[in-house]
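Architecture at a glance
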Amino acid sequence: MRPLALTAYTATSCIGRGLAATHETLAAQRSGLAPCAFETVTLDTSVGEVPGLDSAALPAELGEFECRNNRLALLGLRQDGFADAVRECLGRHGRTRVGVWLGTSTSGILETEIAYRKRGPGGELPATFRYRGAHNTFSLAAFVRQVLGVAGPAAVISSACSSSAKVFASARRAIEAQLVDAAVVGGVDSLCLTTLYGFNSLQLVSRTPCRPFDAARDGISIGEAAAFALLERVPGSCDAGTALLLGTGESSDAHHMSTPHPQGRGARAAMLAALADAGLGPTDIDYINFHGTGTPGNDAAEARAVAATLGARVPGSSTKGATGHTLGAAGALEAVICTLALRHSLMPAGVNTTQVDPALEVHYLRENRPAPLRRVLSNSFGFGGSNCSLIFGRAG
Amino acid sequence: MSVAPALTASLRAVGLIGPGLPDWPTAAGVLAGGEYAAQPTVIPALECLPGAERRRTGTVVRLALNAGLEAVSRGAADAAALPAVFTSSGGDGLNCHEICETLASAERYISPTRFHNSVHNAAAGYWGIATGATAAANALCAHDASFGAGLIEALTQVQVEATAVLLIAYDASYPDPMRSVRPIPDAFAVALLLAPEVRAGALARLTVSVTDAPAARMDDAPLETLRASVPAARSLPLLRQLALATAGRIVIDYLGDQRLSVEVA
């Protein structure tokens, strides 16, 4: 594929609002995970909660979209001048020539969960319930279109934990096909009862802050995040250091709904497809941001897949020890973390992990490592066997 | 006014399940001017999944997979080799309802199967297990624009990746109380097998662009009700054009401020 420029990007999660705070937390090797005190949840686990959302009501004119997920989306859009950058982009290309592809798995389901507790005597939902603006999976993209004034094609991709990685692939196809000239991509997922109690029922939630690739890893910590990027064709005169999307690769496990193929078959296919798309070989990758959820099976399958495709020497880490697993937002959040790694020449450590599992053939970073980075790869794998790998680089 | 450029693909086959419309040939007969007798949608069992997986699937997954299998069969394609694009406004509404009821109770125990079926890409996941398809599978939602969003995603894949793609758009009813806020009357699914090159037996070439012209409606009142109330059935004017086997340009609904112009040739 022809590379695309990330002309603006931003991320907000439990490790910080915006790029500077996110980088500062990663540079300090801190985790944003804390014991769960979310809503009425009584599970013994840690979560990556973004503080302040409960009191961050949407402006009245956006009231039809009121829900935690869209509050988090708005908070994210307001960081790093992202909304202004999109406005300038609309001026360059026209409102209908810019599309929106966003990933979410939760949308505003928390509002529905709460509404079900407040059903009337006949089982009816409270009159304030908003299906289109809050519950429906598309509400995130409808909201972001309205906030930014974008009027081009739009879709939400909801493929569980690969959602907001796959948006990069769909958006770049739309740009390549000249359907649009630019695309707002990203992902927003927010804490809710469905994911906390659901992953708990699968016995995939850790009681301690998650420890990806640790010998004693025992599950995920759920987080929430909003991360966005503005994708455009690489301009003729491109500033050195501009972040570039170099390749995307997608695949399906065709194996099981909630456990990955044990040999990481689909993960291998996604990484190989991304390399082929970028015209790169395995030795061209300097750092891997692992999917690295912290469950025994996921990390083992990913380690096997990485060893088989890139070899076991490429340094990598999972930043989910810092951010938690932000599910439908993880792909976009970790894409932005990859661009920060490139910008600051810093491979972020996988925090919380104290003893890397000796059974995993993987070069896992437990300490930050400064190094000039040219190209980095990010993995995102989801339920249903949905896999996506992305490769980012910098303009020279 | 159409905004160039357009997306194009050859349409090799169609699969369809809807109320009183058990398959594409029946639907094509109705859409070409035959009598439409609206009846509750009948969703067949799935023979292609292993027993354990089959027991775990809900009717919405069976709806989507059956439509996809019909298109693959009619197009004599190899499902295992096809990328797939699934698109749905609400996914499995019954499963969502059951989870919300459980979470509103004192117990809050969601079964593992219910949870993994709650992902919007559940149909895509079961499709891979059923057919062995390891290519990319997407899972889209665009509320009432879900069919159009899926068509755009599928066509950009055909054009940019130069591959055949299976598009499956599907929607089904919610139970109460969600039904009262999102009244989708019955289940409907349509699958289009799209490819870059024309092959013998292809149904038509589709060329799609964004337009602000108004969407076509169905002349038959029950079919128009179906079109207007089920997002996946926003495809009906396009399907009618295909059933009539005549060239022409029709406009279908997309996002609130945009429609899609589809040139059928």
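The text that follows walks through the structure, step by step, so that each part is easy to find. All values reported here derive from a predicted model rather than from experimental measurement. (Residues numbered from 1 in each chain as written. Chains lettered and ligands numbered in written order. Predicted model: local features only at pLDDT ≥ 70, side-chain atom pairs only at ≥ 80, totals over all residues.)

Describing the sheet that holds strand β8 (residues 222-223) of chain A
Each strand in a sheet pairs with another by means of backbone hydrogen bonds, the pair being arranged parallel or else antiparallel. Residue and element names in this part refer to chain A. Operational definition: Two strands are said to pair when DSSP picks up at least two bridges between them. In this text, helices come from DSSP runs of H or I with a minimum length of four residues, and strands from runs of E with a minimum of two, each type numbered from the N-terminal end.
What the three strands build is an open sheet, ordered β3-β4-β8; its pairing is mixed. Each having just a single partner strand, β3 (34-35) and β8 make up the two edges of the open sheet. Of the pairings in the sheet, the one linking β3 to strand β4 (residues 46-48) comprises two bridges and is antiparallel in character. From the neighbouring strand, A34 faces β4, where its bridge partner is V47.

Comments concerning the environment of S201 of chain A
Put simply, the rule is: With C-beta atoms placed from the backbone, a contact is any residue pair whose C-beta atoms sit within 7 Å.
Mapped onto the secondary structure, S201 of chain A falls in helix α8 (residues 193-201). If near-sequence neighbours (up to four positions away) are discounted, S201 of chain A is found in contact with Y109, I110, S111, P112 and F115 of chain B.

A short note on the interface of chain B and chain A
Stated precisely, the cut-off is as follows: The nonpolar class holds Ala, Val, Leu, Ile, Met, Phe, Trp, Tyr, Cys and Pro. Asp, Glu, Lys and Arg form the charged class, and all remaining residues, Gly among them, are polar.
Between chain B and chain A, the residue contacts involve 52 residues of the former and 54 residues of the latter. Mapped by element, the contributors of at least two residues to the side of chain B that touches chain A are β1 (3-17), α4 (93-103), α5 (112-116), α6 (122-131), β3 (137-141), α7 (146-161) and α8 (178-181) of chain B. A per-element tally of the side of chain B that touches chain A places α7 of chain B first, with seven residues. Within the side of chain B that touches chain A, the residues separate by chemical class into 30 nonpolar, 16 polar and six charged. Pairing geometry for strand β6 (residues 154-157) of chain A and β3 of chain B, over two bridges, is antiparallel. From the neighbouring strand, I157 of chain A faces β3 of chain B, where its bridge partner is L140 of chain B.

A short note on the packing of helix α2 (residues 68-77) of chain A against helix α6 (residues 139-148) of chain A
Residues and elements named next belong to chain A. Here is the rule: Angles shown run from 0 to 180 degrees and are taken between the N-to-C directions of axes, each axis being a line fitted to C-alpha atoms and, for helices, limited to the stretch in contact. Any angle that falls under 35 degrees is termed roughly parallel, while one over 145 is termed roughly antiparallel, one within 65 to 115 roughly perpendicular, and all others oblique. Helix crossings are classified by the rotation of the near helix relative to the far one: an anticlockwise turn of less than a right angle makes the crossing left-handed, while a clockwise turn makes it right-handed.
At a minimum axis distance of 10 Å, the contact between α2 and α6 shows a crossing angle of 40°. Between α2 and α6, the crossing angle belongs to the class labelled oblique. Where α2 crosses over α6, the handedness of that crossing is right-handed. Contacts from N69, N70, A73, L74 and L77 in α2 reach S139, L140, F143, V144 and V147 in α6. Here the residues of the contact of α2 with α6 are counted per class, giving seven nonpolar, three polar and no charged.

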